Amino acid sequence: MSSYLEGIIMLSGINLIAVLGLSLLTGFAGLFSFGHAGFMAIGAYSAAICTTIFKLPFFVGIAAAAAAAAGASWLIGRATLRLKGDYFCIATLGFGEAIRLILDNFQGLGGARGWPGIPPHTTLVNILILDVIGVVLLANLVRSRHGRNMIAVREEELAAQVAGINTFKYKMLALVVSAAYAGVAGALLGHYMTFIQPKMFSMVKSTELTIIVIFGGLGSISGSVLGAVVLTFLPELLRAVDKWRLVVYGLAVIGIMIGRPRGLMGGFELTPKSVRAHFARLREAKAARADQAAEEKGGL
Amino acid sequence: MAQFLQQMVNGLSIGSVYALMAVGYSLVYSIMNFSNFAHGGVIMFGAYFGFFAMTQLKLPFPAAFAVAFVGTAVLAVVIERIAYKPLRERNAPFLYFIISAMGASIFLENIIIATIGPTFRTYPDVFGRTSISLGSVAIGRLDLIMFVISAVCLAGLVLFIEKTKIGRAIQASAYNMKAAALMGVNTDRVVMIVFALGGMLAGIAGVFFGMKYTVYPQIGNITTKSFVAAVFGGLGSLPGAVLGSVLLGIIETLVAGYLSSQFRDLIAFVILIGVLVFRPTGIMGKTTEDKA
Amino acid sequence: MSDILQVRGLTKRFGGLAAVNEVDFNVREGGISGLIGPNGAGKTTIFNLITGVYKVTSGSVSFEGKDITDTEPYRIADIGITRTFQNIRLFKNLTVFDNVLTACHASASYNLADSLLRLPRFRREEKTLKEKALELLSILGLADRKDAIANGLPYGLQRRLEITRALALDPRLLLLDEPAAGMNPDETEQLMRLIGDIRNRFKLSVLVIEHHMDLVMGLCEHIVVLNFGQKLADGTPDAIRGDKRVVEAYLGGGE
């Protein structure tokens, strides 16, 4: 495998972890975040502090990244998730920008010039292992009562409440898990690039993650996987027209919301069972049409 | 003391431009109940409209100014028609509005980068660098003009909302869109007018930001401050948005003057966090209960 | 027969306007009670006050002898009260089965780790939840629609699904907000029988807000009449029918 191709695969694997987290928050719990790059930044810097300054093993760095990002998200959630209106959204926007500004001005960690010399611990193998763990844990979560409660919050908050669901608690759970995923992705990214800089985690990064979730489909894990892979490869293939890429993405996002709001996969999960069921439905529909046609003929 | 007064005046001037942004944003929020995150893109277009009207079309400042705010009013309405109206019509969840707004914002910023390019451009120097002295306080001519025009626009908006029929329809819709529709208010028209007004104010703010700083595709990111100002003043309240903006402008200028200019941008977020933790309804906001 | 719900001096002001003013009434245990009154009389507001959706201005609500005034909405279901909404609020994009399964959550106690790792407790309880949801759906006659998307159901079945979802929480008091709204006489008739069956089968008490006079008079053993946020009368259907004030304010008012 060429190292170029391997590099793109690794990047899409890293993106995937952040996207899975955001998929839980936006696709399943229905919350919108502008600040996920901020959680990635917290993860990247926490992990780098562990491995570079304290010389701790990489897995400790990853765990610290997840914990630090989760902790930060908990604080934001505590302040905003009980409030009605767009407070959460605005807070994530403010948070993402604030983290970047703080890191820009914090010379101890390299400031705006960035922090080089992070050990290259990230490998294709540990990315893939974490991807698999990430997908399995998320799939298990959304198909449990905890996941169903999050979906209920997205669907109809008041009904969820009177059905005994503590909506604050489940929004918080979605947020914290989601931030932990972003933290892990940040840790992997830092130890892949061996260099981190605050501007790597700008709002553009947050919106790119959201775009992937939306393209893959709100409420579909397999869609997020597909989205993360395709949308990381696509820009590499389309280098020549790169400046038009985001123009097209912007229009496509509006188009999806207007025409097919649940995204390309539309809440559909790609599993062997669902594929079989889909074909069974198609056969049934065909049979029903045939019956109807026969009936109409008979009626004439 | 003189320095303090000087900072206050500068803060008031920049705060009044923040108010133009924040009022436009709050106006839309009060009607539609969602944050129009494409507002920044409209402001950015205002800055470019004004810039090109002056440099390419060689228009004098007042004409270029008019081109900018008419252009952004039209732009804001077009965005509403394309990106939000279909969602409104099928009662889509708010999440979809926010995502659609994000799409519009990405589109606006990147269409400029793709066609005009990412370079920073400087407005022609219309007002000169001279300043007017009032005792020990020197006021830049641009700052003074920014403040006066912003104040006039805001006063005009208040008159429009308080005194005209359509203004009262806007008030009714902000209170309860469905009820207003039942009472015979054409809510579709109200939404259109609200976007046009918001767009107009955004265009004016865009020209001022372009003149005070420079023009570049990411200048719309400055709207983050209008969100903070709106939360600070009380989300959805127009007087709150003005008050929050002016205070934010003053606090920012004081921080830049007395502490460090690096903290200038950070202070907005410190305020945001403080408000969310201690008084989420902001200075003038009130809590509301959903009608079940 | 004792009272399962007691409402005392219940008042709710929005701004200066009293939507509900000093209302007292009881709901009998095991009974079907009705809450009637013209539009804007404050019926739904009372439901919102009982279920904690609105904060009470003054007065109290107690359930099975315990004060539950201003309990958070999500705790109300735990306490034993569930409700439906006037403008149906289903989990629209989910299947009929998932709507009910979600509401069954309170019958399970597995924790987050059980979920994430699919531990035995998760599998065991999840199986019970699914059986429970299916059983409820077949009792309410929705089993053959279980894979349909809730939003696509005919109106009458959406109402029925909302009731099923409320029952999934094993309530002892069920609050129904205009369950017959938008139904034709046939469907209303069916609904009346359904409400009676539910009461008997699940051994619960029902409080129903209704405009259809036939339904209220035929179904309820006890009726509370509201007008302009105040209680006008309260008694058996016969007593209500004979009450002059009620006839003036409501029955005679062209309804």
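Please read all numbers here as calculations on a predicted model, not as lab measurements. (Residues numbered from 1 in each chain as written. Chains lettered and ligands numbered in written order. Predicted model: local features only at pLDDT ≥ 70, side-chain atom pairs only at ≥ 80, totals over all residues. Heavy atoms only, no water.)

Chemist: Would you take a moment to explain the overall build of chain C for this structure?
Modeler: Counting its regular elements, chain C contains 10 helices and 10 strands. Its C-alpha radius of gyration of 19 Å places chain C within 12% of the 18 Å reference for a compact globule of 255 residues. Here the C-alpha coordinates of chain C stretch approximately 65 × 40 × 35 Å along the principal axes. Counting every position in chain C, which comprises 255 residues, the buried fraction comes to 56%. The contacts of chain C with a sequence gap of at least 6 include a subset with a gap of at least 24, amounting to 66%. Accessible area of chain C: about 10800 Å², with a carbon and sulfur share of 48%. (Helix = DSSP H or I, 4+ residues; strand = E, 2+ residues; numbered from the N terminus. Rg over C-alpha atoms; globule rule 2.2 N^0.38 Å. Buried < 20%, exposed > 50% of the residue type's maximum accessible area, 1.4 Å probe, protein only. Contact = heavy atoms within 4.5 Å. Areas by Shrake-Rupley, 256 points an atom, 1.4 Å probe, with all protein chains shown as cover.)

Chemist: Please explain the sheet that holds strand 10 (residues 230-235) of chain C as it appears in this structure.
Modeler: Strand pairing in a sheet relies on backbone hydrogen bonds, with the paired strands running either antiparallel or parallel. All names here are of chain C. On the basis of which strands lie adjacent, the open sheet formed by six strands has the order 6-7-8-3-9-10 and mixed pairing. Two strands lie at the open edges of the sheet, namely strand 6 (81-83) and strand 10, each paired on one side alone. Across the sheet, the axes of successive neighbouring strands diverge by a mean angle of 15 degrees, strand direction being ignored. Relative to strand 10, strand 9 (residues 222-227) runs antiparallel, the two sharing five bridges. Along strand 10, the bridge assignment pairs I223 with G235. Here helix 6 (residues 155-167) sits on the sheet and contacts strand 6 and strand 7 (173-177); the angle it forms with strand 7, its principal contact strand, is near 155 degrees. (Pairing = 2+ DSSP bridges. Axes fitted to C-alpha atoms, helices over the stretch in contact; angles between N-to-C directions.)

Chemist: I would appreciate a short explanation of unusual backbone geometry in the present structure.
Modeler: For residues that are not glycine, phi is negative in most cases, and the peptide bond is trans in most cases. If you check the backbone angles, B:N91 has positive phi at about 55 degrees while not being a glycine. By the element assignment, B:N91 lies in the loop between helix 3 (61-89) and helix 4 (94-115). Phi at C:E64 takes a positive value of approximately 50 degrees, unusual for a residue other than glycine. When you line up the elements, C:E64 lands in the loop between strand 4 (58-63) and strand 5 (66-67).

Chemist: What should I look at first to understand the domain arrangement of chain A in this one?
Modeler: Think of interface size as the accessible area that goes away when the parts come together; that is how it is often given. When the domains of chain A are assigned, the result is domain 1 (3-269) and domain 2 (270-300). Of note, the centres of domain 1 of chain A and domain 2 of chain A, computed from C-alpha atoms alone, are 40 Å apart. (Domains from an automatic or database assignment.)

Chemist: Help me understand the packing of aromatic side chains in this model?
Modeler: How two aromatic rings sit relative to each other is given by the distance of their centres and the angle of their planes. Taken as a whole, this structure holds 26 aromatic pairs over all chains when the rule is applied. Ring geometry for B:F34 and B:Y84: centres 5.0 Å apart, planes at 75 degrees, overall edge-to-face. A residue pair is termed long-range when its members are at least 10 positions apart, and B:F34 in the loop between helix 1 (2-32) and helix 2 (39-55) and B:Y84 in helix 3 qualify at 50 residues. For the pair shown, B:F34 and B:Y84 are each scored as buried. Measuring from centroid to centroid gives 6.3 Å for B:F94 and B:F97, while their planes differ by 40 degrees, and the two rings are tilted. Of this pair, B:F94 and B:F97 are both found in helix 4, three residues apart, which corresponds to roughly one turn of the helix. A relative accessible area of 44% places B:F94 in the partly exposed class. Taken together through their ring pairs, the aromatic side chains of A:F32, A:F34, B:Y25, B:Y29, B:F37 and B:F227 make up a single cluster. Here the guanidinium or amino end of A:R82 rests over the ring plane of A:F168, the centre of that ring lying 3.8 Å away. The side chain of C:K146 reaches across the aromatic face of C:F97, ending 5.7 Å from its centre. (Phe/Tyr/Trp six-rings, centres within 6.5 Å; stacked < 30°, edge-to-face > 60°. Lys NZ or Arg CZ within 6 Å of the ring centre and 35° of its normal.)

Chemist: What should I look at first to understand the interface of chain B and chain A in this one?
Modeler: Every contact between the two is made by 42 residues of chain B and, on the other side, 41 residues of chain A. Carbon and sulfur atoms make up 78% of the surface buried where chain B meets chain A, a total of about 3500 Å² over both sides. By the criterion of area lost to chain A, the three top residues of chain B are B:L95, B:I99 and B:M102, representing 16% of everything that side buries. Where chain B meets chain A, there are zero salt bridges. Put simply, chain B and chain A have six residue pairs in polar contact (both at pLDDT 80 or more) between them. When contributions to the side of chain B that touches chain A are tallied by element, the ones reaching two or more residues are helix 1, helix 3, helix 4, helix 9 (223-233) and helix 11 (266-278) of chain B. Within the side of chain B that touches chain A, the residues separate by chemical class into 28 nonpolar, 11 polar and three charged. (Buried area = accessible area lost by both parts, 1.4 Å probe. Salt bridge = Lys/Arg side-chain N within 4 Å of Asp/Glu carboxyl O. Polar contact = N/O pair within 3.5 Å; in protein donor to acceptor, adjacent residues only side chain to side chain. Nonpolar A, V, L, I, M, F, W, Y, C, P; charged D, E, K, R; others polar.)

Chemist: Help me out: how do you make sense of the sheet that holds strand 1 (residues 3-14) of chain C in this one?
Modeler: Residue and element names in this part refer to chain C. A sheet is described by the order of its strands in space; here four strands give the open sequence 2-1-4-5, paired in antiparallel fashion. What marks the edges here is a single partner per strand, and that holds for strand 2 (17-28) and strand 5. In terms of strand pairing, strand 4 meets strand 5 through two bridges, oriented antiparallel. From the neighbouring strand, S62 faces strand 5, where its bridge partner is D67.

Chemist: What's the story with the pattern of salt bridges in this structure? I'm lost.
Modeler: Side chains that differ in sign of charge can pair as their charged atoms come close. Throughout the structure, instances matching the rule amount to 28 salt bridges over all chains. Salt-bridge contacts for B:E89 lead to B:K85; the nearest nitrogen and oxygen are separated by 3.4 Å. With a gap of four residues between them, B:E89 and B:K85 both fall in helix 3, about one helical turn apart. A salt bridge links C:D243 to C:R245; its shortest N-O distance comes to 3.3 Å. Classification of C:D243 by relative accessible area gives buried; the value is 17%. Its relative accessible area of 48% is what places C:R245 among the partly exposed residues. One salt-bridge network, held together by shared partners, links B:E80, B:R81, B:R88 and B:D188.

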